[in-house]
Each structure stands twice: as structure tokens, then as C-alpha cells.
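Structural features, examined
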Protein chains: 2
Amino acid sequence: MADALKVGIAGLGTVGASLVKIIQTRANELAVTCGRAIEITAITARDRNRDRGFDMSGMAWFETPEKLAAEADIDVFVELMGGATGAAADSVRIALERGLHVVTANKALLAASGVELATIAEEKGALLNFEAAVAGGIPVIKALRESLTGNTVSRVYGIMNGTCNYILTKMEKEGLSFEECLKEAQRLGYAEADPAFDIEGNDTAHKLAILTTLAFGTKIAADEIYLEGITNISIDDILAAADLGYRIKLLGVAQRTESGIEQRVHPTMVPHDSVIAQVDGVTNAVAIESDILGELLMVGPGAGGNATASAVLGDIADIAKSQPGAQRVPVLGTPAVALAPYQKARMRSHEGGYFIRLTVADRTGVFASVAARMAENNISLESIVQRPKPAQTDTSKTIILVTHATTEASIRKAVEGIKQETYLVGEPQVIRIERPRAS
Amino acid sequence: MADALKVGIAGLGTVGASLVKIIQTRANELAVTCGRAIEITAITARDRNRDRGFDMSGMAWFETPEKLAAEADIDVFVELMGGATGAAADSVRIALERGLHVVTANKALLAASGVELATIAEEKGALLNFEAAVAGGIPVIKALRESLTGNTVSRVYGIMNGTCNYILTKMEKEGLSFEECLKEAQRLGYAEADPAFDIEGNDTAHKLAILTTLAFGTKIAADEIYLEGITNISIDDILAAADLGYRIKLLGVAQRTESGIEQRVHPTMVPHDSVIAQVDGVTNAVAIESDILGELLMVGPGAGGNATASAVLGDIADIAKSQPGAQRVPVLGTPAVALAPYQKARMRSHEGGYFIRLTVADRTGVFASVAARMAENNISLESIVQRPKPAQTDTSKTIILVTHATTEASIRKAVEGIKQETYLVGEPQVIRIERPRAS
């Protein structure tokens, strides 16, 4: 049997502690499967004295991640601290420069510096694996980077934030408001005390930026993502969507268009009978549409200590199963030097169907005026209905429009036009419709 | 750049021809991604002179697969002929004995001889990749063999036969009979002229046998699978299932139980709001439940020239990206020498819920008698209803039972008891219920 693979771990929070326990309790099975033992020989974390529920003997303790990365006698540096900058970024750079393989679950770091880190890794002949960084336990990185080799991807999209999906599912199933569901998510530990990063879509955007690069072979462009969170989604939207045969999900979508790559994160209406519409609660899902394979959808746990640790372990095992320096899997699917510049498709050029919910004064001619605004902008309507609202005791009413495929620019112009009208009460709600290719 | 990877292909049907065209038209992208060119240097097929729509110059033609495997100047032997024995089996053996890497889409060959072939491959340091053999374009082999390393799998199940899923979906959506839908599947090329291999469940069983070994580390036991096809499923079953919130799918299920591994292929009721219930038409889906990762579900095309070629190409690309002899991924997830004997769990010990549909004479006391038979066998009922059948003009009526979890032995005994009763008309229909872990 080959020499043991020596692993150093920086960060012993939920994921790190899970990982150590799994590697320790399954040492024999792992050695058989990988053809060599996996040994944790070095660790570091903020607090040395905390009891983490595992035996630390045989592991060298380092005061800082940077010191561990620079000095430990290891083959693989596992970064589980998080953060786009600081110790996580510095220690990963140091490890790669030393020619060590790196495994990380750090989406923020990859979204910010993935190309730079991939370049170092590929120059040094090191592997940089990050399955856990996107959609937790779902092996979407492996699918894009390995299984789909040779395919031209046209679209990748998914539910990549468990907090948002939990809130939207609960709103629909229990008829509760956004605020009530957010509170429940916080109580259950699904949402942070400051939930902005999740519910505003930033977390999804980081993951999407990584998927875009893997799917389209373009440089990471995490700052070029159209972003709309779910704070604005009301129970009225969810009920109207259900009536029309749709569910609302926060999707990250990256899509090849004639004018470039579209990257967007926003609440989206998906057909009720599509598979992705049935993905509920904190579960994640990622769909990949490509020209040879067709559509592939993967559904699984997007977060949690064990699911994340499982993905990290899979990455470590891949390294254990290959000879040192023998693997040439490009970190980002395409070798870093061959990544194309990111060419942004303008959001105004986005094409698709739209759901529009208007609250209007209850007077004659409103329907006709709304329809006329749509027609002026060449927007063809699939339906235009007045939705009764039981609690609506005032004189306003709700109009719901669903359009056939049109452009974002046309919709914005039409909505601007409607906003000029005196019958409009409050802000119009506009939600994009996304259809799986098959449906 | 490293030397080109030289590929020999045996079999130039739909999949083989797709593969050659893809490798030829995407030569540049593949060379960049893989770090070396992929070149098809040798081919063989039944008919040399057929026009297959690609340029064969530069490819050495061999009269037989065995000759190609034995003599061609290649690094990888790709077997796309099919069949558990004969030329496919012989040529794969010859190639592996020579130390060549092998890629195959041949589920029958693997189900019959997978352990023997894996043993040769591992002795010779060759790779044997077969992503296309199970669920076509869905990367389930990679997920089990690589991503889930270190996990203990408790159950793997899926929709792995497009023909059956197409027929069951069409029966439900259009209210047609099994025979009508089979004819339509044959017209569309989804079913063979002799459909027995698909509709009796044998095709699913081959795939399941391979997944069982990857999931549980036991030797392949394709002959130890409980098998029940879909020919017996009537539109009445489908409608009754829908009424009760279920859909009927032909599933292959392998499950760890106290007495061993259960392998079974049969029509199954899945909850309507589960993700797998929404997988329609010829699409396949595979779910894997494991202790660390949780539940992973993958949905995608299970067949077709392009989807299969994509999976084969992914396998070839994995070889291209690694140095010769550098990979130690065990062919069947566990090294062949370390596979455990298959310990069969008896079908009579199977535990789960059941759906039972009885046609009975319309007389007093039948409900009570049926309920008593269940109680005698300690079967607890979730529901027992009489279902009106519009076309039922005779004096019989339909009784539908749904049980809580019980054993197959108890159900068989209860059904035997009911068969003794004089009120029973025709054969009772018994369909097992399968629940995703999350639901």
C-alpha cells in the first residue's frame, strides 16, 4: 500500500469537527477504498483548548493557518475557515505556492480569487478541489468539471440557498408572511441573525459565479450578477403563482445568449409540474443544460456540517486515489490560462416570460389600459386576470398578467408606462418566469 | 502538451457514431481541457462500408473487436457493442489483460462479469469506466464511486428504464391502457419490437446489480433480484394511486437491511409530492441515501445516442486527464479483492407499506372480512376505501387498502387468506409503497 496521505485542517467548526470524526472512525474503509490511509497530521483553529469530541493526539497543532500551510508535513491543506480575504485566502495561497493540494469549502474566496488560485495550482501541478463550495453535498463541481467534458453548456441554474428556499416553501405551505417565516428560519438555525447575505441573494451569487466559470469557460465575474432578493415576495405573489400553476423559487441562473453570458439571481416562477418546483425546504438543486447530454438535475442537501464534510472528504479521497502530480483536472474546468474574458449580457436584453401583479383602483377601463401598455411594447399576453382578494375591502383590485417570451427592456418600458397611470396603487410586482428546457 | 490519448472504438452504431463525431468536431476544446489531444486511431464494426457520416481516414480498421483489442496501437479500448458474452466480453478481457484502459456502456457485461473484469483491471493498473452503463447521462457511477467515498449507503433506488417510465407516464396522463401506450412507445422507438427485456424489469435489474455493488461493496449478484414488471399495471391502479396521492413508477431498489441486502425491481407507489414522482417520460432518476451526505437525487436522460456518448466521453476524458497508471479509483468503488460476498435479504422479510386493490362481489360483510384478514396478520391500515368505478355495471366493486409499514410475509399471508374467500373476483393487485427518506 502507498504511503498515507497526510492532511492538515485549518478550521475546526461544525464542518471541520465532522470531517475529523469521519476520517478517524472510517480509517479502515477509507484506506481500502483509496489504496492508502488518510491521516490528519496537522490542525489549527481559533481556540486550542475547546473540547471538539475527538482525539487530537498525533496531530501537530499550529498557531495560525498560515503557519500550518507553510510548515506542516502534509500533502493536502484543507481550508474550512471561510472568508474571501484574511487568513483563509493567505493560507490557501501559501499552500498552493508550496505545491500542496488544497481542498476548500470557501465560496467567497473562490468567487473573489478563484482564477488567481487556479493559476497557481496549475503552475505547481497541485489540485484545488472545492465540491463543498457550491450546493453543499451535491456533486455539481464534479459533474461540470469532469462528467460534462466536451459538452457545450447553454444554461445552468438552481436553488442554491437553503434559507431562501425554506422561507418560500413555508410561506406557500402555511400561508405565512415573509417576516414570520424568516423568524422561524432564524429560530431553527437556518438563517443568520443578520440574514441579509442569504435573503438578498449574495450567497447564491457567489455560488453562481463559480458555476458560470465551470459551465462556460469564462473568467469569474462575481460582481457582474444581476441581483434581486426575496424580501419583496408576498404571500399574494405566492398564491397568485400557485393559481397559475407556478411556484416561486430564488434561482441563480447563468445562461449563454447572443450578446454574452447572463448571470442573474432573482425570485423566479417555475412551472408547478417541473421537477425543480418540488424541491422544498433547505434542500438545494442545480440543473445543467448542455448540447450533448441534455438536461441534468441534481437535488440534495445544500448545507449542514455532515453534508459539507462529505463533499470535502470526497475531494480529499480523489487526491488520495491519484499519484502525486498525476492529475490534470483543470481547477475551473478549463485551464486557468485558457479562460475567456467574461462578456456580460445586459439584463435589459434578457428574454423570457414575466408575471406582473398590479394593485389598481377599481374603475372602468383599467384592464384596457394595462393591455394597451403591453401591446405598445409588443408584449404578447398569455393571460390577464383579475384576482379576488378576500381581505380586500377597499376599492382597489389586483390584476395579474402572465406574458409570453419578451425582453426585460420591453417589460420595464411597459411597467414605467403603467406607473404613469393614475389608477396604479403601490408598486407593481414583476417576477421572471424560468422554464426547464423539457417543459 | 502530453502525447495524444489514442482511442480504439469497437461498435459504430448510434452511440459509437455520435462519439466519433463529437471527438472530431470538438478536438481543440478537448485538447485544451484534457491537457492532451484525444485521437481515434482504430475502429471496428460489423459493416465496414456503411457511410456513418464521419471521416474515417487516419483510423485503422480492424476486422474484429478481438483483433482491435489485441493489436491496435491504442491507450483506451472503447466497447460499444453490447451483450454479456461473445465479442464484447472477449475483446474487453483482451484489452484489460494487455493493460489498456477500457470504457464501456455495456450493463449486461458488467452485471454478468463485472467483478472478474474489475479484478483484471486492478491487477494491471488499468481503468475500467462505465458511466454510460447505468442511467445513461446521469453521473451516478461517479457519484457512488468518487463523491460518496467514506459514506455508508443505506438505500439506492431509481427509475432506470425509459420505456417503462414513458408507458406509465402516458397511461396516467392520457388514461390509456398499458397495451395502447406500449404500442405508442414502439412507434416512437422508445420500446423494442420485443419489449420483454424492458417491461419485465430485466434491464432495470442489470443496472441495479451494478449500483448495488458500488453502493454496498458486495459482489455483483444480478441473479438475486426480485423481479416484477409493469405488464400487470392497469389504468385502475394508476387512478387509484392518484386518488390516494401516489404515482406508480417502476423502481429498482437496493437496500441495506438487518438480514442482508435487498435487491428488487417492481412497480412502486411513490408519494405524489416527492421529487422522483415528477420524473416523467423517458427520463431517468437515481436517488442515493447515505449516512453522511444525506439524500442525493439525480435526474437526466437515461438513453439516447448523444446522452450515452456524453457519458462515454466523460469517461475517456477522465483517463486523458490522468497520467498512465496514476489513478487508483477502484472500478467498483471498492477494490475487487475486497468486495464482500453478497448476502441476500429474503423478499419475505421486506418491510414497507402496501397498496392492495381487490375486486369483490358486492355483498354485505366484505369490508369486515378484508379488514379481519389484515388484523389477523398484524397489518395496520392507513385507509380502506371503496372506489366507485364508473364503467362498473356488474355487481362487483373495488376495494383499495393502503397499509402502514408491515412485512411482505404478512401481506402474502393476508392476501392468500382473502383468496380463499368466495367474494373475491379475479386476482388481487399488490403494489409496494416506497417513500423517499425526507418525506
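Residues numbered from 1 in each chain as written. Chains lettered and ligands numbered in written order. Predicted model: local features only at pLDDT ≥ 70, side-chain atom pairs only at ≥ 80, totals over all residues. Heavy atoms only, no water.

Here is the rule: UniProt positions are given in the numbering used here, feature names are shortened, and annotations may be inferred rather than shown by experiment.
Chain A appears in an unreviewed UniProt entry as Homoserine dehydrogenase from Aliirhizobium cellulosilyticum. For the record of chain A, the UniProt heading Sequence similarities (unreviewed entry) holds the text "Belongs to the homoserine dehydrogenase family."

1. Notes on the packing of aromatic side chains
All names here are of chain A. What counts, and what does not: In this scheme Phe, Tyr and Trp rings, the latter by its six-membered ring, pair at centre separations within 6.5 Å, and the angle between planes marks the pair as stacked below 30 degrees, edge-to-face above 60, and tilted otherwise. Helix and strand labels come from DSSP, where a helix needs a run of H or I of at least four residues and a strand needs a run of E of at least two; each type is numbered from the N terminus.
One pass over the structure, following the stated rule, counts two aromatic pairs over all chains. Taking 4.9 Å as the distance between ring centres and 65° as the angle between the ring planes, the aromatic pair formed by Y166 and Y190 counts as edge-to-face. Remark: Y190 occurs in the loop between helix 8 (178-187) and helix 9 (196-199) and Y166 occurs in helix 7 (residues 162-174); sequence separation between them is 24 residues.

2. A look at the pattern of salt bridges
Where we set the bar: Throughout this description, the term salt bridge denotes a Lys or Arg side-chain nitrogen within 4 Å of a carboxyl oxygen of Asp or Glu. Accessible area is worked out with a 1.4 Å probe on protein chains only. A residue is then buried under 20% of its type maximum, exposed over 50%, and partly exposed in between.
Applying the stated criterion across every chain, the model contains 62 salt bridges over all chains. Close ionic contact of A:K142 with A:D318 constitutes a salt bridge, the shortest N to O distance being 2.6 Å. Pair noted here: A:K142 is in helix 6 (residues 140-147) and A:D318 is in helix 12 (residues 305-320), with a separation of 176 residues, a long-range link. Judged by relative accessible area, which is 15%, A:D318 ranks as buried. We note a salt bridge from B:E172 to B:R247, for which the minimum N-O separation is 3.1 Å. Residue B:E172 is found in helix 7 (residues 162-174), and its partner B:R247 is found in strand 9 (residues 246-257); the two are separated by 75 residues along the sequence. Looking at B:E172, the relative accessible area reads 24%, which means it is partly exposed. Judged by its relative accessible area of 9%, B:R247 falls in the buried class. Each of A:K142, A:E146, A:D318, B:K142, B:E146 and B:D318 takes part in a single network of salt bridges with overlapping partners.

3. Some thoughts on the nonpolar core
To keep things clear, this is the line we draw: Here, nonpolar core means buried Ala, Val, Leu, Ile, Met, Phe, Trp, Tyr and Cys residues that are tied together by side-chain atoms lying within 4.5 Å of each other. Throughout, a contact is declared for two residues whenever any of their heavy atoms are within 4.5 Å.
Judged by nonpolar contacts, the single largest core of 172 residues is most densely connected at A:F77, A:V140, A:I167, B:F77, B:V140 and B:I167. Excluding residues within four positions of it along the chain, A:V140 makes contact with A:E131, A:V134, A:A135, A:L211, A:V286, A:I288 and A:M298. Core analysis: the second largest hydrophobic core is formed by 35 residues, B:L19, B:I40, B:W61 and B:V103 among them.

4. A short note on the relation of the copies chain A and chain B
Short version of the rule: The copies were overlaid with a least-squares fit restricted to C-alpha atoms from residues scoring a pLDDT of at least 70 in each copy.
At an RMSD of 0.0 Å, chain A and chain B line up after a rotation of 180° and a shift of 0.0 Å along the axis. With respect to symmetry, the two chain copies, as superposed, fit the operation of a two-fold axis. Of every C-alpha in chain A, the one belonging to A:M298 sits nearest the axis of rotation, 2.2 Å from it. The overlap is high: 100% of the interface residues of chain A also sit at the interface in chain B, so the same surface is used on both sides.

5. With respect to the interface of chain A and chain B
Under the convention used in this document: A simple way to read buried area is as the amount of 1.4 Å-probe accessible surface that goes missing from two parts once joined, with both sides added. What qualifies as a polar contact is a pair of N or O atoms within 3.5 Å, subject to a donor-acceptor requirement within protein and to the restriction that residues adjacent in sequence count only when both atoms come from side chains. The classification used treats Ala, Val, Leu, Ile, Met, Phe, Trp, Tyr, Cys and Pro as nonpolar, Asp, Glu, Lys and Arg as charged, and all other residues, Gly among them, as polar. Only strands joined by at least two bridges in the DSSP assignment are considered to pair.
In this complex, chain A contributes 54 residues to the contact, which on the side of chain B involves 54 residues. Where chain A abuts chain B, roughly 4500 Å² becomes buried across the two surfaces, and 54% of that area is made up of carbon and sulfur atoms. Looking only at chain A, the three residues that lose the most surface to chain B are A:I292, A:K321 and A:R328, adding up to 17% of its buried area. For B:R26, the salt bridge is made with A:D291, and the minimal N-O distance between the two is 2.4 Å. Scanning the region where chain A abuts chain B turns up 18 residue pairs in polar contact (both at pLDDT 80 or more). Sort the elements by how many residues they give to the side of chain A that touches chain B and helix 12 of chain A lands first, with eight residues. Residue classes in the side of chain A that touches chain B are distributed as 25 nonpolar, 18 polar and eleven charged. Pairing of strand 12 (residues 294-301) of chain A with strand 12 (residues 294-301) of chain B, which is carried by three bridges, proceeds in the antiparallel orientation.

6. Concerning the side chain of B:H101
Residue and element names in this part refer to chain B. Its location among the elements puts H101 in strand 5 (residues 101-104). Look at H101 and you get buried, because its relative accessible area is 11%. Only 2.9 Å separates the side chain of H101 from the backbone nitrogen of L127, close enough to count as a polar contact. Once you skip the residues sitting within four places of it in the chain, H101 turns out to touch D75, V76, F77, G125, A126, L127 and I319.

7. Thoughts on helix 11 (residues 235-243) of chain B
The condition that has to hold: What the arc describes is the spread of directions from the helix axis to the C-beta atoms.
When helix 11 of chain B is considered as a whole, its buried residues turn out to be B:D237, B:I238, B:A240 and B:A241. Looking down the long axis of helix 11 of chain B, one finds its buried residues gathered within 165° of arc, a one-sided arrangement.

8. Things to note about the sheet that holds strand 1 (residues 5-10) of chain B
What holds strands together in a sheet is hydrogen bonding between their backbones, with the strands either parallel or antiparallel. Residue and element names in this part refer to chain B. Basically, it comes down to this: In this analysis an axis means a line fitted to C-alpha atoms, helices contributing only their contacting stretch, and an angle means the value between N-to-C directions, from 0 to 180 degrees.
A sheet is described by the order of its strands in space; here six strands give the open sequence 3-2-1-4-5-6, paired in parallel fashion. With one partner strand each, in any of the chains shown, strand 3 (60-61) and strand 6 (128-129) form the two edges of the open sheet. Inspection of the sheet shows strand 1 paired to strand 2 (residues 38-44) by six bridges, in the parallel sense. Each bridged residue has a counterpart across the sheet, and for G8 the counterpart in strand 2 is A42. Where helix 1 (residues 14-25) meets the sheet, its contacts fall on strand 1, strand 2 and strand 4 (76-79), and the angle it forms with strand 2 comes to roughly 150°.

9. Section: empty space enclosed by the protein
Over the atoms, a rolling probe the size of a water molecule traces out where space has been left empty. Operational definition: A cavity here means a set of points on a 1 Å grid, drawn over the protein atoms and nothing else, where a 1.4 Å probe fits but cannot get out; a pocket is an open set with protein on both sides within 12 Å along at least five of seven lines, and a residue lines either one if it has an atom within 4 Å of a point. Grid points are joined across faces, edges and corners, and a volume is the space filled by probe spheres set on the points.
Throughout the structure, instances matching the rule amount to seven cavities of 30 Å³ or more. Approximately 80 Å³ is the volume found for the second largest cavity. For the lining of the second largest cavity, the class distribution of residues is three nonpolar, four polar and three charged.

10. Examining the UniProt feature "binding site: NADP(+)" (unreviewed entry) in chain A
All names here are of chain A. UniProt records the feature "binding site: NADP(+)" (unreviewed entry) at A10, G11, L12, G13, T14, V15, G16 and A17, using the numbering of this structure. The exposure class assigned to L12 is buried, which follows from its relative accessible area of 4%. With sequence-adjacent residues up to four places away left out, L12 is seen in contact with A17, V20, I43, T44, A45, R52, F54 and W61. Considering the arrangement of structural elements, one finds T14 in helix 1 (residues 14-25). Taking the relative accessible area as the measure of exposure, T14 reaches 60% and is therefore exposed.

11. Describing the sheet that holds strand 4 (residues 76-79) of chain A
Residue and element names in this part refer to chain A. Strand order in the open sheet formed by six strands is 3-2-1-4-5-6, and the pairing between neighbours is parallel. The open sheet has two edge strands, strand 3 (60-61) and strand 6 (128-129), and neither has a second partner. Relative to strand 6, strand 5 (residues 101-104) is paired through two bridges, and the arrangement is parallel. Following the sheet pairing, V103 is matched in strand 6 by N129. Contacts from helix 1 reach strand 1 (5-10), strand 2 (38-44) and strand 4, with the element oriented near 150° to strand 2.

12. Looking at the domain arrangement of chain A
Residue and element names in this part refer to chain A. Here is the rule: These domain boundaries are the output of an automatic or database domain assignment.
We note that the domain assignment places domain 1 (5-137 + 305-338), domain 2 (147-301) and domain 3 (348-433) within chain A. Taken over C-alpha atoms, the centre of domain 1 sits 28 Å from the centre of domain 2. At the junction of the two partners, domain 1 supplies 17 residues and domain 2 supplies 15 residues. Interface area, domain 1 with domain 2, both sides summed: about 1300 Å², of which 77% is carbon and sulfur. The largest contributions to the domain 1 side of the interface with domain 2 come from K107, A111 and V134, which together make up 38% of the buried area.

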